[in-house]
Amino acid sequence: GTNGTVVKSLEAQSGASVTLLNDITNSSRVLLRGKKEARAAAWKLIENIVYSEVGVDRVYIDRRTCTELLRNKARRCKDLELSTGTYISVEKAEGTQSPATNKDGLTEVLIRGLSEQRQIVRAALEEIVEQGPEKHLLQDLAAADIDISILDVRRIIGPRGSRVAEMEEETGASIRLEVEPKPYVSVMGTREQKDAALLLVRTSLTFTEQQEIVPLPQGLHGVVIGVSGRSVQKIEMESGAQVSFRQGDSPSMVLRGSPEQCAIAKDMAKLLIGADKAEHFIVGDGQASALIGAKGRNIREVESATGARVQVVTTRLKSVPAFTGVENIDEIMSNLEDDETLVIIKGTDDQRKNARELVMSAMEPEEADAVMRLSLQQADLLMALHGAVRRDIEERTGTRLVMNEACDGLVVYGKTAQRENARAMIQEEFVLEEESGTIQGDFPLLMLRLIMGTGGSNVRRLEKASGARIRFDTLGDSRDPSTEVSIKVRGTAENRAKAFELVALEQEMYAEERMELEYRKHFMLIGRGGEVIKGIESETNCAICFTQTPEAAMVVLGKADDRTRAIELARMRVGGLLTSDQEMYQVPKRYHAELIGASGRTIQNIQRRTGALLHFRGDDTDDCVITGTVDQRAQAMKLIQEIIDASQESRLPVAVELHRTLIGPRGTTIKDMERSSGARLSFEEEPVACMVARGTEDVREKALKLAAQVLEDEKEEHFYVERRYHGWLIGPRGSRIRDIEDDTGTRIMMSRQEPVVIVEGSRARREKAWELIQAQMDLMDEVAGPEEVADP
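Calculation criteria
- Residues numbered from 1 in each chain as written.
- Predicted model: local features only at pLDDT ≥ 70, side-chain atom pairs only at ≥ 80, totals over all residues.
- Heavy atoms only, no water.
- Helix = DSSP H or I, 4+ residues; strand = E, 2+ residues; numbered from the N terminus.
- Rg over C-alpha atoms; globule rule 2.2 N^0.38 Å.
- Buried < 20%, exposed > 50% of the residue type's maximum accessible area, 1.4 Å probe, protein only.
- Pairing = 2+ DSSP bridges.
- Axes fitted to C-alpha atoms, helices over the stretch in contact; angles between N-to-C directions.
- Contact = heavy atoms within 4.5 Å.
- Core = buried A, V, L, I, M, F, W, Y, C linked by side-chain atoms within 4.5 Å.
- Salt bridge = Lys/Arg side-chain N within 4 Å of Asp/Glu carboxyl O.
- Phe/Tyr/Trp six-rings, centres within 6.5 Å; stacked < 30°, edge-to-face > 60°.
- Lys NZ or Arg CZ within 6 Å of the ring centre and 35° of its normal.

Student: Honestly, the overall build of the protein chain in this entry has me stumped. Any pointers?
Tutor: Across its full length, the protein chain holds 33 helices and 33 strands. In summary, the protein chain has a C-alpha radius of gyration of 41 Å against a globular reference of 28 Å for 792 residues, an excess of more than 25%. Looking at the protein chain as a whole, 42% of its 792 residues qualify as buried.

Quick look at the structure:
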């Protein structure tokens, strides 16, 4: 089923665990785990599915239905597949990812699955068609004496879409308004939902409202609009009126709504205009650049934080902006020096005050304090904390802390106030004391994992609650769960005590519990790459390891309920594998690397083909543990033996100077021998120069015969070729001669003493090379003509 939906449904209905396995004969087998009754119920359900009639329905849908099915990365299509267990595919146009259409503009959809599943999908597609969008011109919905404009669309939408959202919530329909080519509304939903939505839109259009035009100079439009439209949005939200602006010869503010709404909006606009003032000051060009920031980012941040409007005017502008709010702006600009810039801040008194402080801060250039000398102890402290202290100070102060190469000095970069704050925090850090302790228990590393939490989230919570810094160090092998773990807490005496108290409370929450489990069963719960035990840990919030002392067992660390659940899952896992077992095989360790393969590909392939789990116990032993059913273990061992047989070696003594002959130009000869024989070939120079063939006995024997034949047949032959052809045969950067060598597996050289071409290779290859050389000579004569190229 799609994304495993069917098999998940089987597991939920039967209570058994279902796994599909592919064996080396390419047939499929089903592995059922669980109680006998659960396995029987699962198999019955599987038979019903496998032997039911699975068919394909072809459905033709229009473009809109197809778009609805595929939009948002085909989410609707995937939801249908997951809910019904079918496979749905849409025919694509050749060479594209776009749906193909027939002469009627319809797209073919294939639905694969059981009869009842296909019927559900067909009904869902019909529902999409029925709920398709209907488009209505707003002019058709309005009364005959009403002229529809974009303002009517804005009124229906409401401030930030609030009114149309209320309509959608009330009716359940999807409503979308557009203004091109003419204002219209598109509604989607059931017939009842569409009718209810259209009724609300029609009511909104017939609502009589007052329109009031308030003369307003264009320079004051920005005052009422505000930064990012915040002021005008506030007016619309609080008054309920709709506000727009007209420019041109008669600039004005247009209010639409009831008389009360228009009156409130007008009063709010007057208050904004009355409180808005402008102030200005002159700064240098460098300060202005710092204020503007990358792509105006700093100015936008100031405006967003304060609500004031900031304007930067330089002498390089061709003309002075028309609406600055500053009196005598022309005179001020004429007196500016070439390296000076005018900064204008507009807004209320509070807005200007806050903006002024941020502007001054933004214009302050970053500088560096003198090197802050560190004692050896202080330097060791900053280095031992792995940068945690430095990152924290940098984030909280906005500075950059840089250690010099000798690690005996620290430089603080930033603005004056930032640098002062950073230096104060550094000094505070140096006077703090550190206290150490250890994590208790037989398996400290497991406890550490629980205290740290996912991604360190839990220990960060403890640091925030205590005000201290907490870090951990392992005092041995980090892979051994019993390794001792130390805890180091840094902070004031009060903070340290609080941190240790919180850590102790965390440890009290978790306890250890053991489930006896013979050693040969451990690998069943570990799984490939630890996937099984990781899944149990993730589901139960426990930390788990395995031990053989004092007896073989699985150790679970966590809260009481979580431990119970983890042990229950482990027992179910082991209990569901009654037909599985482990067996130890002796596989010489010199073959272990060959069996594992590059990046583990070979062993993964064996496990995939057989369903068994393989594990090599270590470099100092030949033990290979194979987990699985009797058949799985037998198939895995058979594949292992095949790989071992294919790794046997035979050697053919070959002088070092002849290795090049067997390799051939760019490896062509040795590749041909490997392809023909099936063996893997390589060369050794010591202790005896030879060619090494690896594989089964038959392929090794064939490879050695081929190599001997190549050495016997390998000769050098001279062919007469006029010198005027040599340059053409070589080609640009030797391209033509390389092509001939690649095609024939020979080595070709041009003689400097005689007008000949020397070809090395077997007889058949030499003859083929000579044919290609002659063809190139004929081609040169056709292109240039035999008389046009003089003999050099």
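Student: Got a minute to help me understand the sheet that holds strand β29 (residues 680–684) in this structure?
Tutor: Backbone hydrogen bonds hold the strands of a sheet together, and the pairing may be parallel or antiparallel. With antiparallel pairing, the three strands of this open sheet are ordered in space as β28-β30-β29. Every interior strand has two partners, whereas the edge strands, β28 (649–653) and β29, have only one. Each adjacent strand pair in this sheet contributes to an overall mean axis angle of 25°, direction not counted. The strands that helix α28 (residues 656–663) touches are β29 and β30 (690–694); relative to β29, the one it contacts most, it runs at about 155°. Packed onto the sheet, helix α29 (residues 668–677) meets β29 and β30 and runs at close to 135° relative to β29.

Student: Would you take a moment to explain the nonpolar core for this structure?
Tutor: Most often, soluble globular proteins have nonpolar side chains that are buried together. Counting 24 residues, the largest nonpolar core has Ile439, Leu446, Ile451, Ile470 and Phe472 as the members making the most contacts within it. Listing elements by their share of this core, those giving two or more residues are α19 (444–452), α20 (457–466), β20 (469–474), β21 (485–491), α21 (493–509), β23 (543–547) and β24 (553–558). Apart from the residues lying within four places of it in its own chain, the contact partners of Ile470 are Val459, Leu462, Glu463, Ile487, Lys488, Val489, Ala499 and Val503.

Student: I would appreciate a short explanation of the pattern of salt bridges in the present structure.
Tutor: Here the idea is simple: oppositely charged side chains can pair when their charged atoms come close. In total, this model carries 29 salt bridges according to the counting rule given. For the salt bridge of Arg675 with Asp672, the shortest nitrogen-to-oxygen distance reads 2.4 Å. Taken together, the residues span about one helical turn, with Arg675 and Asp672 both in helix α29 at a distance of three residues. You can call Asp672 partly exposed: its relative accessible area is 25%. A salt bridge links Glu722 to Arg724; the shortest N-O distance between them is 3.1 Å. With a relative accessible area of 13%, Arg724 lands in the buried category. The network of salt bridges with common partners includes Glu279, Asp349, Arg352 and Arg356.

Student: Honestly, the packing of aromatic side chains in this entry has me stumped. Any pointers?
Tutor: Describing an aromatic ring pair means giving the distance of the ring centres and the angle of the ring planes. The tally for this structure, following the rule as stated, stands at one aromatic pair. Judged by centre distance (4.6 Å) and plane angle (15°), the ring pair of Phe719 and Trp770 falls under stacked. With Phe719 in strand β31 (residues 715–720) and Trp770 in helix α33 (residues 763–784), the pair connects residues that are 51 residues apart, well separated along the chain. With relative accessibility at 9%, the residue Phe719 sits in the buried group. Over the aromatic face of Trp728 sits the side chain of Arg736, whose NZ or CZ is 3.9 Å from the ring centroid.

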